[in-house]
Number of protein chains: 2
Amino acid sequence: MISLAEENYLKALFNLAGQRGEVNVTELSKQLGIKMPTVTSMMKKLAEKKLVYYESYKPLRLTEKGKKEAALVIRKHRLTEMFLVEKMGLGWEDVHEIAEEVEHIRSTAFFDKMDELLGFPRIDPHGSSIPDKNGKFASIPYDKLCDCRVGETVKLSAVIHSSSEFLKFLTNRAIRLGIRMKIRSVEPFDGSMVIGYDNRQETLSRTVCERLLVEKGK
Amino acid sequence: MISLAEENYLKALFNLAGQRGEVNVTELSKQLGIKMPTVTSMMKKLAEKKLVYYESYKPLRLTEKGKKEAALVIRKHRLTEMFLVEKMGLGWEDVHEIAEEVEHIRSTAFFDKMDELLGFPRIDPHGSSIPDKNGKFASIPYDKLCDCRVGETVKLSAVIHSSSEFLKFLTNRAIRLGIRMKIRSVEPFDGSMVIGYDNRQETLSRTVCERLLVEKGK
DNA sequence: ATATTTTGTTAGATCATCCTAACATTATAG
DNA sequence: CTATAATGTTAGGATGATCTAACAAAATAT
């Protein structure tokens, strides 16, 4: 049995693990707001449960089992967020916090029902992939907006690591999932882009463009 | 701040407190499946928080503050059950267990939204009263079926302490909220009643009749 | 009215999760 | 290539919620 605390560690590990799948104790500690010694001892416990690979002074990695468990928590989180937004009419800014609690509910029937009512979506309201019942992510080949070229027209399909500030930023500019954007120009100096959409035009910083995932030729 | 464990004690105290509002340590211990010494020490803690009146060897009583907090948990539980049944299409038998977890979610917005989507019901799918945001129960003057007299016709409006076995029992006999029942006879020996409804007739034990809440003259 | 049973409390332990302070290792910068 | 900084671990302690064993009070039964 995986406790609520353990689930939070697994989820954080999953979210922090980049391409290499490695995470520092310091990073994890900051992400969770939990002091490093506590993290270390929890890593030992998770290692005993075969959920993480842990060796002193080495970076942390999830085992396959750990990845699956993390994915199942993420599934519950994302289904909840989507359900709250789409079926209950709550605001994007409110749902994350609620989902942080709901994601720990044991009943799979509850989440499977949400899944069904939502029509088995593979993408959540933030544009992130929703793992299936087995913890598998559907791989959807997105490109970062910042990797596109001037003149391309693309469809905004997902948003990375959305904080509520970021979501407000996007909302304020009427940037939402599904819109077509045309890249009018790129500033070589700082990588900011001028984007046209919906009869309007905005300059987006590199930081923003790295977080907007698009599909080309759509 | 009231912890999850504390909320469970308050809820159990509320549910066990009858007319007199008093509960034994033994009863509470059995209800929660927690050993008596643990209950005693929790009572001391809740007394410090002004949620219960506690004196050694005396029955336990909730304070007004304790009643309010308990009512708020019960509100969340009942709204959840109703939402799961009415809006998500889950079965009555499944929802109790899920609601036991959901009821501890902090966000009041979440439950207020359920309330709104359900049309601000004051009665839940089990026929129990749903407290409002301030922890107030709408007083609905029900009578127990067993307190009615032969010949009376009454409307079934609520069901007390519904276990899934009890709900199945009722379903099997097509006894559901809203039906009119006529009391055909009462057995003085054991208090069982013969009831007519929907062109059928059933004998209900005293135990069952104590759990069926009805409105007279309706 | 005393003995027995039931009920409730105290004392002391365990387990999970967290903490701080001190120490150890690894990485980095002169 | 050492000195310093950053990162990670160990040791020991706190808190919340639980337990068992032993004791105390209250209720009950003969």
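Worth saying up front: this structure is predicted, and the values here are computed from it rather than measured. (Residues numbered from 1 in each chain as written. Chains lettered and ligands numbered in written order. Predicted model: local features only at pLDDT ≥ 70, side-chain atom pairs only at ≥ 80, totals over all residues. Heavy atoms only, no water.)

A. Layout of the protein's contact with DNA strand C. In the region of DNA strand C, 21 residues are neighbours, and Ser3(A), Lys45(A), Thr26(B), Lys44(B) and Tyr54(B) sit closest. Sugar and phosphate atoms constitute 72% of the interface atoms of DNA strand C, taking the interface as everything within 4 Å of the protein. Taking Thr40(B), its side chain carries an N or O atom lying 2.8 Å from a phosphate oxygen of DNA strand C. Tyr54(B) places a side-chain nitrogen or oxygen 2.3 Å from a phosphate oxygen of DNA strand C. For the surface near DNA strand C, the elements supplying multiple residues, two or more each, are α1 (4–16) and α3 (36–48) of chain A together with α2 (25–32) and α3 (36–48) of chain B. Taken together, the residues of the surface near DNA strand C break down into 11 nonpolar, 7 polar and 3 charged. (Near = heavy atom within 4 Å. Polar contact = N/O pair within 3.5 Å; in protein donor to acceptor, adjacent residues only side chain to side chain. Helix = DSSP H or I, 4+ residues; strand = E, 2+ residues; numbered from the N terminus. Nonpolar A, V, L, I, M, F, W, Y, C, P; charged D, E, K, R; others polar.)

B. Quick peek at the protein's contact with DNA strand D. Neighbouring DNA strand D are 22 residues; Thr26(A), Lys44(A), Tyr54(A), Ser3(B) and Lys45(B) lie closest to it. In DNA strand D, atoms within 4 Å of the protein come 75% from sugar and phosphate. In this structure, a phosphate oxygen belonging to DNA strand D sits 2.3 Å away from a side-chain N or O atom of Lys44(A). Only α2 (25–32) and α3 of chain A together with α1 (4–16) and α3 of chain B provide two or more residues apiece to the surface near DNA strand D. At 5 residues, the largest contribution of residues to the surface near DNA strand D is made by α3(B). Each residue belonging to the surface near DNA strand D can be placed in one class, and the counts come to 11 nonpolar, 8 polar and 3 charged.

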